Amino acid sequence: MVNITRRATLLGSAALAASSTLPALPAFGAPYVRSDVATPEGQRMLAIYAQGVKLMKQRPVTDPLSWNFQWFIHASPQGKAKEIRDAFGSTQSPARQLAEAAWDTCQAHGGRPVEFFLPWHRLYVLCLEAIIRTVTKQPGFALPYWNYTDPRYYAIPVQFQNAYRNDALFGTLFQQNRNVNDPQNGYADVNAGAPINQYFPGSRNFLNLNNMNVPYYGNNRTGFNAELNSQLHGSVHVYVGNQTNMGNVPTAAEDPIFWLHHCNIDRILAGWNAAGGVTPSWPGKTFTFAGPQGQSVTLAIDNYRTNSQLPYSYDVLPVPPNGPFGAQAVASAEASTATAKVQNVALLQTSQPTPNATAPVALGAQAQKVELQPTTPQNTLSNTLKTQKSLRAAAPQRLLLVLHGLHAKIHPGITYQVYLNLPEGAKPEASDANYVGIVTFFDAVDMPGHADHGGVEKVFDITDLAAKLEAEGKNPEKATVSLVPTGTPAQGSDPVITGGIELRSE
C-alpha cells in the first residue's frame, strides 16, 4: 500500500506507478476550480461527469474504477463481508485487499466518530473526481456542485430528472427511486423537478446555511461539523431519495447526485474555513481509498485540512449568514466547547428514572409533547433565558436542544418537526415562531454488518429562538418540546429518542 501525502495523490498518477515517493507540490495555489453546476463551466463539467459515470457503470464491481466499487466505499446494502464474498468469492487479489480496507468506511455513520465526517468525505470526493479524469481521459475535469441553498436551485439539476432519463449522455444520471410527490409526509416529486423543500416554507425551510454560523468545529455531538452533518446534509439526503436511494446510508452513494451534494458540502466547509473557522488537526490520521489508477492509496487528512492545501478551489464560496468570525470569537467558542465537555452543562432535560440516565421518548404517528425538568431548581426556562442573555453579553454562548440517541430499527419513512413551547391547540404549520428544526433518520437506522449503534445525537441551536422569546417577554417557567410527525412511521420502525432530550448551554 502506498502512503501518499498532499495532493500528489491525484496529480501525479504517472509517478505513482513508478515510485511511492512523490515530489512535494506547492502548498499554495489551486490547479483547478470546481464550479456551480448551473454555470456554463459547470454544465461542461457535468457532461464529462455523465460520461465518466456511464463508463464506470460498465465496469465490474471487482474493478476499483467501477461505479459500484466506489459506491461500496461509502456503505453497501448487504454489509461489507457479504458484498466482498458475492463480488470476489474466494479469489485473492489486490482489488479484494483494497475492498477489505476501503469498503464501508464512511465516517459518521454506522456508529463511527462524527468528527471525521467532513474530512473523510472531502477525500472520498477527491478520489472519485480523479477516477472520472482517468476513465474519461479528461485531465482538466473538476466535479461541479449543486448549490441547493440558492432558491433558484432547490430542485435537482434538470439533467438528473425525468426529462433526461432516456438521453444518450445524461440518462445515466437518472435514478427511478428518488422521492415522489407525497404531501402528507413532506416529499416532493424530485424527478419531476419539484423543489425538494416544497412542503417546508418559511422558517421550516431546511435548505439554509445557518450551520455555518457555528464558529467552532466541535466534537462528536455539537459544533459546525456535527450539526452540518445532522441537519442540512442529512435533510438533503432524505428529501431527495427514499430508503433505497439517497435517504438511506447504504444506498446513498449509488445515486450520481450524491457526489454533487457532497461537493457542495465540501464547498460549505471551504467557505467556513475562509470565514475564520478552524478545522482541527489529527496528526497521523489516515483513510484508504481507490486512487486514480485503481491502486490503493492512503491519505492523511491533515494534508487536506486547510484551503491552501487543496488541489482545487471553488468559483464562489458561501459565507456564514451572520458574517465572518473574529479570531477572539473562534477561540472563545472553542474554549466553551472544551468546558462543556468537562462540566456537562445541562440545564433542563427529560425526567430521570435512574441516576445519570434520561427518560427515553417514544415517537409514533401522533405528536409527542415532552416537558423538560430543571436539573436544579433555579434552571427554569425563564431563568435560563435570562442567564443566557447575560452569558452572551460576556462571551459567545449557545443554547442547544439535544436529542440523545435518535434511533429506528428500520427507516420510518417520515420525519419529525420540532417545536419549543408550542401553544396548546396551535397548528404546527401556523407556529413558525416556535419552530426549532427537523429530525431526519438518515443516519439513525442500524446498517447491515454493523452492531446496533444505539442512536445518534441531533442538536439544534436555539440561541436566536430563545433570545426572541426573552425579548418578547415570553419567559414561561416550563419548557416543552413538541415532536410532530409528517406522517405515519413504517411498521416495525419503532422510532425513539433513547437518551431523552436536553437543553444545555455551551
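Residues numbered from 1 in each chain as written. Predicted model: local features only at pLDDT ≥ 70, side-chain atom pairs only at ≥ 80, totals over all residues. Heavy atoms only, no water.

Draft legend 1. Region of the structure containing the side chain of Asn264. Relative to the elements of secondary structure, Asn264 occurs in helix α10 (residues 257-274). Among the polar contacts made by the side chain of Asn264, one reaches the main-chain carbonyl oxygen of Trp146 at a distance of 3.3 Å. When sequence neighbours within four positions are dropped, the list of residues in contact with Asn264 reads Tyr145, Trp146, Asn147 and Tyr148. (Helix = DSSP H or I, 4+ residues; strand = E, 2+ residues; numbered from the N terminus. Polar contact = N/O pair within 3.5 Å; in protein donor to acceptor, adjacent residues only side chain to side chain. Contact = heavy atoms within 4.5 Å.)

Draft legend 2. Focus on helix α6 (residues 94-102). Along α6, the positions that sit buried rather than exposed are Ala95, Arg96, Leu98, Ala99 and Ala102. End-on, the buried residues of α6 take up no more than an arc of 160 degrees, which puts them together on one face. Turned more than 90 degrees from where α6 packs its buried face, Pro94 and Gln97 sit exposed. In the core, the buried residues of α6 are packed alongside α4 (67-74), α5 (80-88), β3 (286-290) and β4 (296-300). Positive phi shows up at Asp104, right after α6, with a value of about 55 degrees. (Buried < 20%, exposed > 50% of the residue type's maximum accessible area, 1.4 Å probe, protein only. Arc of directions from axis to C-beta.)

Draft legend 3. Here's a closer look at the nonpolar core. Formed by 101 residues in total, the largest nonpolar core has its most connected members in Tyr49 and Phe289. Residue contributions to this core peak at 12 residues, all from helix α7 (residues 117-136). Tyr49 has contacts with Trp67, Leu128, Ile132, Phe141, Leu143, Phe160, Leu173, Pro256, Trp259 and Leu260, leaving out every residue within four places of it along the chain. Grouped together as the second largest cluster of nonpolar side chains are 30 residues, Leu363, Ile462, Leu465 and Leu503 included. (Core = buried A, V, L, I, M, F, W, Y, C linked by side-chain atoms within 4.5 Å.)

Draft legend 4. Structural view of the packing of aromatic side chains. Applying the stated criterion across every chain, the model contains 28 aromatic pairs. Where Tyr164 meets Phe170, the ring centres are 5.8 Å apart and the plane angle is 90 degrees; that geometry is what we call edge-to-face. For Tyr164, a relative accessible area of 27% corresponds to the partly exposed category. With 5.3 Å between their ring centres and 40 degrees between their planes, Tyr187 and Tyr239 make a pair best called tilted. Within this pair, whereas Tyr187 is found in the loop between α7 and α8 (224-240), its partner Tyr239 is found in helix α8, the two being separated by 52 residues in sequence. Here a set of aromatic residues connected by ring pairs shows up, and it is made of Phe116, Tyr217, Phe224, Trp272, Trp282, Phe287 and Phe325. (Phe/Tyr/Trp six-rings, centres within 6.5 Å; stacked < 30°, edge-to-face > 60°.)

Draft legend 5. View of the packing of helix α3 (residues 40-57) against α7. Running from N to C, α3 and α7 point in directions that differ by 80 degrees, and their axes come no closer than 9 Å. Classified by the angle between their axes, α3 and α7 sit roughly perpendicular to one another. Seen from α3, the contacting residues are Ile48, Tyr49, Gln51, Gly52, Val53, Leu55 and Met56; seen from α7, they are Leu128, Ile131, Ile132, Val135 and Thr136. For the contact of α3 with α7, the class distribution of residues is nine nonpolar, three polar and no charged. (Axes fitted to C-alpha atoms, helices over the stretch in contact; angles between N-to-C directions. Parallel < 35°, antiparallel > 145°, perpendicular 65-115°, else oblique. Nonpolar A, V, L, I, M, F, W, Y, C, P; charged D, E, K, R; others polar.)

Draft legend 6. Just unusual backbone geometry, in detail. One non-glycine residue, Asp104, lies in the positive phi region at around 55 degrees. Structurally, Asp104 is set in the loop between α6 and α7. Unusually for a residue other than glycine, Asn421 sits at a positive phi of about 50 degrees. By secondary structure assignment, the location of Asn421 is in the loop between β10 (416-420) and β11 (435-439). Its relative accessible area of 16% is what places Asn421 among the buried residues.

Draft legend 7. Quick look at the environment of Val236. Residue position: Val236 is located in helix α8. Judged by relative accessible area, Val236 falls into the buried class, the value being 0%. With 11 residues separating them along the chain, Val236 and Gly247 place their C-alpha atoms 8.4 Å apart. Residues within four places of Val236 in sequence aside, it is in contact with Trp146, Tyr148, Ile196, Leu207 and His261.

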